[in-house]
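Descriptive analysis of the structure
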Amino acid sequence: FKAYDKSLRPLFKHYAAMDYDGITQRGELLNLDEWNRMLADCEVFDAVFSRREAAYCFVLSGMFVADEIKRREKLVMLPYESFLEALARVTCFKPLPTTLQMNEAKCATTMEYVEAQQQEGRLNEWCHANAPNWEVEMKEGRHLHEALDKLLQLVVERTTGDVTLPITAKILNKRKDGRENAR
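Here's what I pulled together on the structure shown here.

Procedures and definitions
- Residues numbered from 1 in each chain as written.
- Predicted model: local features only at pLDDT ≥ 70, side-chain atom pairs only at ≥ 80, totals over all residues.
- Heavy atoms only, no water.
- Helix = DSSP H or I, 4+ residues; strand = E, 2+ residues; numbered from the N terminus.
- Buried < 20%, exposed > 50% of the residue type's maximum accessible area, 1.4 Å probe, protein only.
- Contact = heavy atoms within 4.5 Å.
- Areas by Shrake-Rupley, 256 points an atom, 1.4 Å probe, with all protein chains shown as cover.
- Polar contact = N/O pair within 3.5 Å; in protein donor to acceptor, adjacent residues only side chain to side chain.

Quick notes on the overall build of the chain
- Helix and strand content of the chain: 11 helices and 0 strands.
- Helices and strands in the chain line up, N terminus first, as α-α-α-α-α-α-α-α-α-α-α.
- The buried share among the 183 residues of the chain stands at 45%.
- A fraction of 65% describes how many contacts in the chain between residues 6 or more apart in sequence connect residues 24 or more apart.
- Total accessible area on the chain stands at roughly 10400 Å², and carbon and sulfur atoms take up 51% of it.

As for helix α2 (residues 32-41)
- For α2, the full list of buried residues reads Glu34, Trp35, Asn36, Met38, Leu39 and Asp41.
- Measuring from the side-chain oxygen of the N-cap residue of α2 to the backbone nitrogen of aspartate 33 gives 2.9 Å; that N-cap residue is asparagine 31.
- Where α2 terminates, the next one or two residues include glutamate 43, which has phi positive at roughly 55°.

Right, here's the structure in full:
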């Protein structure tokens, strides 16, 4: 996560501050709606990784609390560290290309590979053929660092348009304004 921290912190703060829940606008806690909005905006959902799997990642990453009534906020929302865990859990469900697949396709980034599959009309088929089995992934799956790097690469490039540019509040606000003007 260290290499992507400059992008992930503003991303988290931006979506956590949307305040769909009416609890906090400080950008310190992320609820499920905000999590799903972020994943949708970053175009992470596909034929295999849906809102159901996203919710599962979110719930598994939440804090355990002794008193669900008094600590409800911590039960149903994610702080930044749990957000990172949820992103890592996404790799257990989301089909991501391997380095070998990317090299064979002569693609430099995850987004380039996904878009190539989409242009060839094979993205859904590829997703189903390369869908990880989450039960296996949780125990002995792919190397987390490779899958996580591919996922974070995709998130950054879908957000900024360039995998080498960090996600900033300015970029996120510009995208938000563009969506609102499109309505």
